[in-house]
Amino acid sequence: TYENSPGLPTSLLSDQSATGSIETVTGQYGVVRTITSPVHSLVPPLYQAILTASNDSKYSKPVIWMKNELINFYGPEVTFFYLSYLDVINGDYPPTLFEDKYVFIGAKSIGLGDVHLTPFNMEFPTPGVEIQATILNNILEDERLTSLPIIYLLGSTFCVMIFIFLKQTSEYVLAVLVSMFCTFLIVGSYILFRYNFYLDISLTLLWVVTMYGAHLFLQGVWVSKSLFQRAKKVENELLDNIDTLYT
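We now examine the overall build of the chain. Tallying secondary structure elements over the chain gives six helices and five strands in all. Counted from the first residue to the last, the chain has its helices and strands arranged as α-β-α-β-β-α-β-α-α-β-α. Put simply, the chain has 247 residues, and 26% of those count as buried. Sequence separation of 24 or more characterises 69% of the internal contacts of the chain that already satisfy a separation of 6 or more. Accessible area of the chain: about 17,200 Å², with a carbon and sulfur share of 63%.

If you want it as structure tokens, here you go:
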């Protein structure tokens, strides 16, 4: 897809079983995390075209990729099994190797421009063909990630509790509570991720640490103010006693 218009394949591929569209969507910092519904109705997404051509009754109805669903990447670039197209054409691999398998043909050269950043890149950007293979495998294995943004509300509530309800709590108890909450977020997000639910806890953890640091700062101010007031009181009492003694 280019400028909201589908770019149809060359006439050399006129005998194809189906035609699908590809539109790679980059999010924050240019990282690919999700896909969008096609902006045109003439050509379905590539994954839908592949599923339709497979004649699998399970996918007789269009697969809808929801807005809160993310691509579940399986690792860094070149996680999938790659073969040289030239070696395949030359017959270096038996045809049985490709039986009952979905085969994607594409380039991984950076110079061709069809490479993108993903959350798991290690050395090089991920080829676009691998992103499409990941999308299809997410659907086949029912492994699409569902984003759960409610965690921001929970984090904000906890931060407010630190200031309102825990002002008089001992620092030891407060430190334990903050540690338990952060551990709960990390372990809970990991468990949910294993079940294809995604919690972005980075901002929440930042809020908690920032609010806890601010709480410690204010606690220090309160303690310093209290000590200053006590010292001032003791000083005034000493001055009064001295005046009384010499009087």
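Right, picking up where we left off after that structure.
Before going further, it helps to examine the sheet that holds strand E5 (residues 197-198). The strand order across the open sheet formed by three strands is E1-E4-E5, and the pairing between neighbours is mixed. The open sheet has two free edges, formed respectively by strand E1 (69-70) and E5, since each of these has just one partner strand. One ladder, built from two bridges, connects E1 with strand E4 (residues 145-147); its direction is antiparallel. Of the residues in E4, the one forming a bridge with Leu70 is Leu145.

Here we take up the nonpolar core. Counting 15 residues, the largest nonpolar core has Tyr47, Trp65, Ile71, Ile135 and Ile139 as its most contacted members. Secondary-structure elements contributing two or more residues to this core are helix H1 (46-53) and helix H3 (128-140). Filtering out sequence-adjacent residues up to four positions away, Ile135 remains in contact with Ile35, Tyr47, Trp65 and Ile71. Core analysis: the second largest hydrophobic core is formed by eleven residues, Phe181, Leu185, Leu199 and Ile201 among them.

Our focus in this paragraph is the environment of Val43. Summarising the element assignment, Val43 is placed in the segment before H1. Residue classification places Val43 among the buried residues on the basis of a relative accessible area of 8%. In this structure, the C-alpha to C-alpha distance between Val43 and Ala18, residues 25 residues apart in sequence, is 9.3 Å.

On to the packing of aromatic side chains. Counting across every chain of the model gives one aromatic pair. Between Tyr74 and Phe80, the ring centres sit 6.1 Å apart and the planes meet at 70 degrees, which makes this aromatic pair edge-to-face. Directly above the ring of Tyr82 sits Lys108, whose terminal nitrogen or CZ lies 5.0 Å from the centroid.

The share of residues in the chain with pLDDT of 70 or more is 82%, and the mean pLDDT across the chain is 80. When mean pLDDT is taken per element in the chain, H3 scores highest with 92 and helix H4 (residues 151-164) scores lowest with 66.

Their axes nearest at 9 Å, the elements H1 and H3 cross at an angle of 55 degrees. Considered as vectors, H1 and H3 are oriented oblique to each other. The crossing of H1 and H3 is right-handed. On the side of H1, the interface is formed by Leu46, Tyr47, Ile50 and Leu51, while H3 contributes Gln132, Ile135, Leu136, Ile139 and Leu140. Of the residues contributing to the contact of H1 with H3, the split by class is eight nonpolar, one polar and no charged.

Rules used in this analysis
Residues numbered from 1 in each chain as written. Predicted model: local features only at pLDDT ≥ 70, side-chain atom pairs only at ≥ 80, totals over all residues. Heavy atoms only, no water. Helix = DSSP H or I, 4+ residues; strand = E, 2+ residues; numbered from the N terminus. Buried < 20%, exposed > 50% of the residue type's maximum accessible area, 1.4 Å probe, protein only. Contact = heavy atoms within 4.5 Å. Areas by Shrake-Rupley, 256 points an atom, 1.4 Å probe, with all protein chains shown as cover. Pairing = 2+ DSSP bridges. Core = buried A, V, L, I, M, F, W, Y, C linked by side-chain atoms within 4.5 Å. Phe/Tyr/Trp six-rings, centres within 6.5 Å; stacked < 30°, edge-to-face > 60°. Lys NZ or Arg CZ within 6 Å of the ring centre and 35° of its normal. pLDDT = per-residue confidence, 0-100. Axes fitted to C-alpha atoms, helices over the stretch in contact; angles between N-to-C directions. Parallel < 35°, antiparallel > 145°, perpendicular 65-115°, else oblique. Left-handed = near helix turned anticlockwise from the far one by under 90°. Nonpolar A, V, L, I, M, F, W, Y, C, P; charged D, E, K, R; others polar.

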